[in-house]
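Tertiary structure, described
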Amino acid sequence: MMVARALRRAHRDDRGVSMAELLVAASVTVIILATLAGFFVAAIKGSASNASADTNIRQATNAINAMSRYLRAATTRDVPSSLVPDSAIVKATPTDLTFYAYINLIEDPDIAKRTAERPVLARYFVDPTSRQLVQQLSACGADANGYYSCPSVTSTTRLGGPIASPTSDKVPLFTYQGAGGEKDQLAVADDGQLSATQRTAVRFVTVNLELGSATAGAGSNAHLQNMVGLLNLGRAGATP
């Protein structure tokens, strides 16, 4: 008899959970899982955004350093037809800049392996289709009289992109200044570029680089600016 009562109590205690209790537990579980999933999605998106921003910063830094290196070496070019040398700046628009520079194209710790500085025609522009920043270099060769010409492009390098120009600050990729610096802005003419007279007056080029998306102000864009002095030309317009 006592055994039967004990068995009945065990049977009553082993009834499990009711349907209502099961539904409540399942609802709570779903809510918890949904919350955790939201956290995971946000963390993944944040990690991807940070990685993209980091990549864009590295690309932008490398690109602006490359442009600055050549710009600092911008130099006029002697021509046989005139005592007045050609302007260092060949073409200057908000997104397309071409200029002559005297630079050592081969850098090596071993001095014997380095080349002498010689002219190169450098062009930096935004590809209108891909919005990539492109570097084109044309190595110049001297004739019998020592005058250089740069007949063709010898290397093309994509420095990164897409590029937003104008930037989120409403400033184009390239702006140009005279000897007065920031207070001496040279505005492009109606045809979208500097005139021959203006190109001769350029003493600074400001690079306003926003890289990562063609849409200015995009969240992961890297935005760098550098005002580069054309050291070989001098503030007063002296030529080497």
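Sequence positions are assigned chain by chain, starting from 1 and proceeding in written order. Given that the model is predicted, a residue must reach a pLDDT of at least 70 before its local features are reported, and side-chain atom pairs must reach 80 or more before they are shown or counted; all residues, however, enter totals for whole chains, interfaces and linings. The side-chain values count all of the structure's non-hydrogen atoms but skip hydrogen atoms and water molecules.

1. Notes on the packing of aromatic side chains
Two rings belonging to Phe, Tyr or Trp (six-membered ring only in the last case) form a pair when the distance between their centres is within 6.5 Å. Interplanar angles under 30 degrees mark stacking, angles over 60 mark edge-to-face geometry, and anything in between is tilted. Counted under the stated rule, the structure contains 2 aromatic pairs. Centroid distance F99 to Y124: 6.2 Å. Interplanar angle 20°. Geometry classified as stacked. Here Y124 lies in strand β5 (residues 118-126) and F99 lies in strand β4 (residues 96-103), a separation of 25 residues in the sequence. We note that F99, like Y124, is buried. Ring centres of Y102 and Y148 lie 6.4 Å apart, and the angle between their planes is 80°; this geometry places the pair in the edge-to-face category. Taken together, the positions of Y102 in strand β4 and Y148 in strand β8 (residues 148-149) put the pair 46 residues apart, joining distant regions of the chain. In this scheme, a residue with accessible area under 20% of its type's maximum is buried, one over 50% is exposed, and one in between is partly exposed, where area comes from a 1.4 Å probe on protein chains only. The partly exposed category is assigned to Y148, whose relative accessible area is 24%. Each ring is checked for a lysine NZ or an arginine CZ that lies within 6 Å of its centre and within 35 degrees of its normal; such an atom marks a charge sitting over the ring. Positioned over the ring face of Y70 is R69, at 5.3 Å from the centre of the ring. Its guanidinium or amino end placed over the ring of F125, R123 lies 3.8 Å from that ring's centre, counting from NZ or CZ. Secondary structure elements follow DSSP: runs of H or I no shorter than four residues count as helices, runs of E no shorter than two count as strands, and numbering proceeds from the N terminus.

2. Details of the sheet that holds strand β11 (residues 185-186)
Here 4 strands make up an open sheet; going across it, the order is β11-β10-β12-β13 and the pairing antiparallel. Of all the strands in the sheet, the pair left with one neighbour each is β11 and β13 (222-229). Here, strands pair whenever DSSP counts at least two bridges between them. Both strand β10 (residues 174-177) and β11 contribute to a ladder of 2 bridges, which runs antiparallel. Its bridge partner lying in β11, Q177 is registered against Q185.

These figures capture arrangement, not role.
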